[in-house]
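Analysis of the macromolecular model
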Amino acid sequence: IGGGGGKGQRVVTDASQTAAAVMDILAEQKVLEAGSNRNFLIELNLETTRHNEIQVIGNGEWAITLGGRDCSIQMREQKQLEFSLTDELLVVAADETDNPAHRENLLKERDTLAAMERDGARFAEGVELDNVSTFECIVEGFDHFFMEMNTRIQVEHGCSELAYKMRFTNPDDPSDFFEIERLIEAMVLLCLHGPRLPKPDRVLQAVSGAEVRVN
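Attention shifts here to the side chain of E156. With respect to the element layout, E156 can be found in the loop between β5 (143-150) and α4 (157-163). Within the local environment of E156, its side chain forms a polar contact with the side chain of K79, the two groups lying 2.6 Å apart. Discounting chain neighbours no more than four positions away, the residues touching E156 are E53, R69, C71, K79, E82, E211 and R213.

Now the structure itself:
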């Protein structure tokens, strides 16, 4: 519970391996001493997966999503490449391919992305999120599994900013609006004016973006 970045992960394929795996986890997390937080998670192990995230923002009453990110390319449990994942990108890719099977897969990917975005927004509304957050999922085939919710800004948020900006419109005057492109700006607005902020529209800037991390 107190770790992060994949530390302490063990795969158990037989019940007889459980006790040794638990001790390995506790030792790696350095929580063997008295009074330490020894709680840990037991999760479904999915072998052929992708790591997809949904960018979420809310003011406690409304919540919207700003597309997704594919963070599947990792090294030592740390993300190396992040690509923004948008509905618009999948539409363009499906229109450009001449392969019927590839087109069908891309359209199914649209459904998967839409489902993750829908779940992310519902989760945020359910907990009355008043910040920016990342709704993280493991995707196997076209099925997605909720992994965790990071209720803070993350270093890969730039991918989402490349894809979408937000337009806040005066409910009493559609011609009166302002746009922001940075999630940090959105966090400041939420802190200062949260309940008064109208639900924004997301405005496409680019169908995709990428972030490369150099070690």
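Now, onward.
The sheet built from three strands is open, its strands ordered β7-β6-β8 with antiparallel pairing. Edge strands, defined here as strands with exactly one partner in the open sheet, are β7 (173-180) and β8 (201-204). Going from strand to strand, the sheet's axes swing by 40 degrees on average, the running direction of each strand aside. Both strand β6 (residues 164-170) and β7 contribute to a ladder of five bridges, which runs antiparallel. Bridge pairing in β7 links R167 to E179.

The pairing of strands in a sheet happens through backbone hydrogen bonds and is either parallel or antiparallel. Across the sheet, which stays open at both edges, the six strands sit in the order β5-β4-β1-β2-β3-β9 with antiparallel pairing between neighbours. Pairing within the sheet leaves two strands with one partner each, and these edge strands are β5 and β9 (210-212). Neighbour-to-neighbour, the strand axes of this sheet turn through a mean angle of 25 degrees, independent of strand direction. In this structure, strand β2 (residues 63-75) lies alongside strand β3 (residues 78-85), joined through six bridges in antiparallel fashion. Directly across from D70, in β3, lies its bridge partner F83. The strands touched by helix α3 (residues 100-126) are β1 (50-58), β2, β3, β4 (132-140) and β5; relative to β2, the strand with the most contacts, the crossing angle is about 120 degrees.

About the thresholds
- Residues numbered from 1 in each chain as written.
- Predicted model: local features only at pLDDT ≥ 70, side-chain atom pairs only at ≥ 80, totals over all residues.
- Heavy atoms only, no water.
- Helix = DSSP H or I, 4+ residues; strand = E, 2+ residues; numbered from the N terminus.
- Polar contact = N/O pair within 3.5 Å; in protein donor to acceptor, adjacent residues only side chain to side chain.
- Contact = heavy atoms within 4.5 Å.
- Pairing = 2+ DSSP bridges.
- Axes fitted to C-alpha atoms, helices over the stretch in contact; angles between N-to-C directions.

By themselves, these are just geometric observations and shouldn't be taken as functional.
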